[in-house]
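Chain and residue survey
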There are 2 protein chains.
Amino acid sequence: MELMTTYKSNNYPIIIKNNAITELTELLKPYRDVVFIVDKNVEFALPEKIQQALSSTSSEQFTHILKVEGNETTKTFAVYQHIIEELLEQSITRNTCIIAIGGGVTGDFAGFVAATILRGVDFIQVPTTILAHDSSVGGKVGINTPQGKNLVGAFYRPTAVLYDLDFLNTLPYTEISSGYAEVYKHALLNGEEAQLEIETAFPDKKALESLVSLDKFLLKGIQTKLNIVIEDEHEQGKRKFLNLGHTFGHAIEYNQKIPHGHAVMIGILYQFMVANELLNTQFDIMHYINYFKNLDYPLEKVLDTNFEPLLALMSKDKKNDKSGIQMVLLKEIGKPKVIHVNNEVLEKSFATLQNYLK
Amino acid sequence: MELMTTYKSNNYPIIIKNNAITELTELLKPYRDVVFIVDKNVEFALPEKIQQALSSTSSEQFTHILKVEGNETTKTFAVYQHIIEELLEQSITRNTCIIAIGGGVTGDFAGFVAATILRGVDFIQVPTTILAHDSSVGGKVGINTPQGKNLVGAFYRPTAVLYDLDFLNTLPYTEISSGYAEVYKHALLNGEEAQLEIETAFPDKKALESLVSLDKFLLKGIQTKLNIVIEDEHEQGKRKFLNLGHTFGHAIEYNQKIPHGHAVMIGILYQFMVANELLNTQFDIMHYINYFKNLDYPLEKVLDTNFEPLLALMSKDKKNDKSGIQMVLLKEIGKPKVIHVNNEVLEKSFATLQNYLK
């Protein structure tokens, strides 16, 4: 299965299939330097896949292998500086391709290195998680700071995305459910039919854990995302819709140190609360609470924090402007809207959510 | 005098005149946050001009003022991280404009902050030196690493360039002659007539020091540069011509810790040597040595170093590829060419240059 982006120029292929990394051999031919930035967890779980990737360079090329932790400790200034200087020590040239093999962290991090080293070299995303079906497409790359997630970065398109489905087979359930949040988000952005279809396919943890027919929904998710980002690459308009669940999600992710997708799912739940409050929607909150509990999302984390630290984190969201905090709310399933939400509504919705979960 | 770039989209004005900074008032209106990154030297020399700039924001805007050293100590990871975190602490949003007031260092540095903070915010270049007529146009931004200059950065267009000629009046001669190297380089790229004209206008230090009619040549320099960078923004082809004098220049700049323009002028001289060796040109080396001495360039620095450390630095040049070191050479005045040069030729040319200067 191969998609091609449809920007005005500089398009790139997204190849989704088992054994997609065999494509590397052809893709890497033009480069003097080939840099693999590999998530240590992936190497540990699937050493033979990593070997397969590494064997796609020729003996005439300079091959550099860098291993990073597959968690947020990688997305720091310190690691960024370290990796950049290590590559420069090896005298890499602009004729370099960086290949990111790992989850969202590895892709975001390696992409930012690629975007800025020597003012930019080529890079290929090889996402190895379900979550990364989202982050590997659309060109957002970056690192974190003590002030919040992804606050330093760039919009920088990859040369190709190779989504090798073999990598998904060894994922622990936490990773699967974390990734599923973005797949589910894409379904909510698509409409009621998509929501019904995905909830039917994955009614509970057991179904989701099996991964059966997940590839179909991954593809739909990528298509949904592509349609949006191609129209609005730099997030000045509808790309903001993709932040559904992320305003509150990023805050609780940082505050409670939980996986990104778990936080996003909680953020989606919170968003229904705010919509019911502000837009007079009548979303069935218990439906979502039950569904997310069936899938084993840690909703109880909402009870472990006060509102103030979350508000402080939400105030640093990149989407905010002169008029304060902006959120993506669903007017109805499939109809997102970006809207300013004042602190009173935010606080009241948080209290309501806590009451539901008590 | 106002130029407008002619990219396919996202064009920006370049305004060159006395008191150009008065344009800020209008340009800054759309923003919630306005960040001034100011070169301390400029503030010291012309505090009233800085005050004038700062007074262009309204009381409803959040104004942030950050001062940086106007030298290469600013273009480091440490200062980059510090400034980014300081701005994030102040909860700036994407609705921010960063204004760089200073020389090339300030512009390069502030531009890289703008390119990467929150994945990119707007920025305005206010160059205050002659050298920065060059660096402020074309969108190259970045910082240095221990491995060399400008090895981390981006191509990121400003929203506007305000070249306020008032800033030039207090420059020391070292700054004037450093900046003149790029003006002269642009003339060499233009052709024999341009070379004759500029050498006639500025035959010696006294003429150059007066700055009389320099604005005319600055404008020509900017036009020459624009014509090239608009055609090849990301330096895949003819933009490389602008690196005339820079391969050897960057190496001796780093090695001897001399001003950028002085190093570039020495690099231009070295390039004539390599051209005579490799392309069978017959450039009159003594003409250039005499002219550069009349303008007080520190050519003797070439005698203070061996070839090896310079070669090591040249090997890290961003233009290099599979086949090794690439230089820009003049086939004739106005006719640049990018060409691979092997180490033997590089070393021989260095020895010849040293002999000329002994």
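Residues numbered from 1 in each chain as written. Chains lettered and ligands numbered in written order. Predicted model: local features only at pLDDT ≥ 70, side-chain atom pairs only at ≥ 80, totals over all residues.

We now examine the overall build of chain A. Across its full length, chain A holds 15 helices and eleven strands. The C-alpha radius of gyration of chain A comes to 20 Å, within 12% of the 21 Å expected for a compact globule of 358 residues. When the backbone C-alpha atoms are referred to their principal axes, chain A occupies close to 65 × 40 × 40 Å. In chain A, which comprises 358 residues, the share counted as buried stands at 51%. Contacts in chain A between residues far apart in sequence, at least 24 positions, make up 73% of those at least 6 positions apart. (Helix = DSSP H or I, 4+ residues; strand = E, 2+ residues; numbered from the N terminus. Rg over C-alpha atoms; globule rule 2.2 N^0.38 Å. Buried ≥ 20, exposed ≤ 12 C-beta atoms within 10 Å, placed from the backbone. Contact = placed C-beta atoms within 7 Å.)

So, on to the interface of chain A and chain B. With 33 residues of chain A at the interface, the matching set in chain B holds 33 residues. Elements that contribute at least two residues to the side of chain A that touches chain B include exactly α4 (77–89), α5 (104–116), β7 (140–145) and β8 (148–155) of chain A. Per element, the largest residue contribution to the side of chain A that touches chain B is six residues, and it comes from α4 of chain A. Taken together, the residues that form the side of chain A that touches chain B break down as eleven nonpolar, twelve polar and ten charged. (Nonpolar A, V, L, I, M, F, W, Y, C, P; charged D, E, K, R; others polar.)

Turning next to the confidence of the model for chain A. This prediction gives chain A a mean pLDDT of 94; 100% of its residues lie at or above 70. In the predicted assembly, ipTM is 0.89 and pTM is 0.90. (pLDDT = per-residue confidence, 0-100.)

This part takes up the relation of the copies chain A and chain B. Overlaying chain A on chain B yields an RMSD of 0.0 Å, the required transformation being a rotation through 180° with an accompanying axial translation of 0.0 Å. The relationship between the two copies is best expressed as a two-fold rotation axis. When C-alpha positions in chain A are compared against the rotation axis, the closest is assigned to Phe77 of chain A, at 4.2 Å. (Least-squares fit on C-alpha atoms with pLDDT ≥ 70 in both.)

Residues and elements named next belong to chain B. Spatially, the seven strands line up as an open sheet ordered β1-β2-β9-β6-β5-β3-β4, and their pairing is mixed. Each edge of the open sheet carries a strand with a single partner, namely β1 (2–4) and β4 (62–68). For this sheet the average axis-to-axis angle between neighbouring strands, irrespective of direction, equals 15°. Two strands pair when backbone bridges link them, and strand β2 (residues 13–17) and strand β9 (residues 160–164) are joined in this way by four bridges, in the parallel orientation. Considered in β9, the bridge of Ile15 is made with Leu162. Across the sheet, helix α3 (residues 47–54) lies against β3 (33–39), β4 and β5 (96–102), angled at about 170° from β3, the strand it touches most. Packed on one face of the sheet, helix α5 (residues 104–116) meets β3, β4, β5 and β6 (122–127) and runs near 165° to β5. (Pairing = 2+ DSSP bridges. Axes fitted to C-alpha atoms, helices over the stretch in contact; angles between N-to-C directions.)

Attention shifts here to the packing of helix α11 (residues 246–256) of chain B against helix α12 (residues 260–278) of chain B. Between two packed helices, the angle of one axis relative to the other and the distance separating the axes together describe the packing. Residue and element names in this part refer to chain B. Relative orientation of the contacting elements α11 and α12 amounts to 135°, with a least axis distance of 7 Å. Between α11 and α12, the crossing angle belongs to the class labelled oblique. Handedness of the α11/α12 crossing: right-handed. Of α12, the residues touching α11 (which contributes His246, Thr247, Phe248, Gly249, His250, Ile252 and Glu253) are His260, Ala263, Val264, Ile266, Gly267, Tyr270 and Gln271. In terms of residue class, the contact of α11 with α12 is made up of six nonpolar, seven polar and one charged. (Parallel < 35°, antiparallel > 145°, perpendicular 65-115°, else oblique. Left-handed = near helix turned anticlockwise from the far one by under 90°.)

Turning to the sheet that holds strand β1 (residues 2–4) of chain A, a few remarks are in order. All names here are of chain A. Spatially, the seven strands line up as an open sheet ordered β1-β2-β9-β6-β5-β3-β4, and their pairing is mixed. The sheet terminates laterally at β1 and β4 (62–68), the two strands that pair on one side only. Each strand of the sheet is rotated relative to its neighbour by a mean of 15°, with strand direction disregarded. Sheet analysis places strand β6 (residues 122–127) next to strand β9 (residues 160–164), joined by two bridges and oriented parallel. Across the sheet, the residue bridging to Gln125 is Val161, located in β9. Of the strands in this sheet, β3 (33–39), β4 and β5 (96–102) are in contact with helix α3 (residues 47–54), which crosses β3 at around 170°.

Another point: the domain arrangement of chain A. Residues and elements named next belong to chain A. As far as domains go, chain A holds domain 1 (2–169) and domain 2 (172–357). Taking only C-alpha atoms into account, the centre of domain 1 sits 27 Å from that of domain 2. At the interface, 21 residues of domain 1 touch 25 residues of domain 2. Of all the elements in the fold, those that place two or more residues in the side of domain 1 that touches domain 2 are β2 (13–17), α6 (132–135) and β8. Among the elements that make up the side of domain 1 that touches domain 2, the one with the highest residue count is β8 (three residues). Looking at side-chain class alone, the side of domain 1 that touches domain 2 contains ten nonpolar, nine polar and two charged residues. (Domains from an automatic or database assignment.)

The phi torsion at Lys257 of chain A lies on the positive side, around 55°, for a residue other than glycine. By the element assignment, Lys257 of chain A lies in the loop between α11 (246–256) and α12 (260–278).

Bringing the packing of helix α7 (residues 173–190) of chain A against α12 of chain A into the picture now. Residue and element names in this part refer to chain A. Running from N to C, α7 and α12 cross one another at 40°; their axes reach a closest spacing of 6 Å. In this view, α7 runs oblique relative to α12, as classed from their interaxial angle. Every pair of crossing elements has a handedness; the one defined by α7 and α12 is left-handed. Contact with α7, carried on its side by Ser177, Ser178, Gly179, Tyr180, Ala181, Glu182 and Lys185, involves His260, Gly261, His262, Val264, Met265 and Ile268 of α12 and no other residues of that element. Class assignment of the residues belonging to the contact of α7 with α12 gives a composition of five nonpolar, six polar and two charged.

This part covers the pairing of β2 of chain B. With three bridges connecting them, β1 of chain B and β2 of chain B associate as antiparallel partners. Directly across from Leu3 of chain B, in β2 of chain B, lies its bridge partner Ile14 of chain B.

A few words on the environment of Gly104 of chain B. Residue and element names in this part refer to chain B. Among the structural elements, Gly104 can be located in helix α5. The spatial distance from the C-alpha of Gly104 to the C-alpha of Tyr184 is 17 Å, given a sequence separation of 80 residues. In contact with Gly104, other than residues within four places in its own chain, are Thr129, Leu131, Ala132, Ser135 and His260.

Let us look at the nonpolar core. Most often, soluble globular proteins have nonpolar side chains that are buried together. Counting residues in each nonpolar core, the largest one holds 215 residues, and the members touching the most others are Ile98, Ile99 and Val113 of chain A together with Ile98, Ile99 and Val113 of chain B. Not counting the four nearest positions on each side in its chain, Ile99 of chain B is found in contact with Leu24, Val34, Val35, Phe36, Phe123, Ile124 and Val126 of chain B. (Core = buried A, V, L, I, M, F, W, Y, C linked by C-beta atoms within 7 Å.)

The next subject is the environment of Thr76 of chain A. Residues and elements named next belong to chain A. Along the chain, Thr76 turns up in the loop between β4 and α4. Through-space distance from the C-alpha of Thr76 to that of Lys149 is 9.9 Å; in sequence the pair is 73 residues apart. Leaving out residues up to four positions away in the same chain, Thr76 has contacts with Ile143 and Asn144.

A few words now on helix α7 (residues 173–190) of chain B. Residues and elements named next belong to chain B. Compared with an ideal rise of 1.5 Å per residue, which puts 18 residues at 26 Å, α7 spans 25 Å between its outermost C-alpha atoms and is within 8% of the ideal. Counting buried residues along α7, 15 of its 18 residues qualify, which places the element largely inside the surrounding structure. Looking at the residues trailing α7, positive phi occurs at Gly191, about 145°. (Expected span 1.5 Å × (residues − 1).)

Let us now look at the environment of Lys238 of chain B. Residues and elements named next belong to chain B. Within the fold, Lys238 resides in the loop between α10 (214–231) and α11. Linking Lys238 and Ile117, residues 121 residues apart in sequence, is a C-alpha distance of 30 Å. Non-local contacts of Lys238, meaning those with residues more than four positions away in its chain, are made with Ile228, Glu231 and Asp232.

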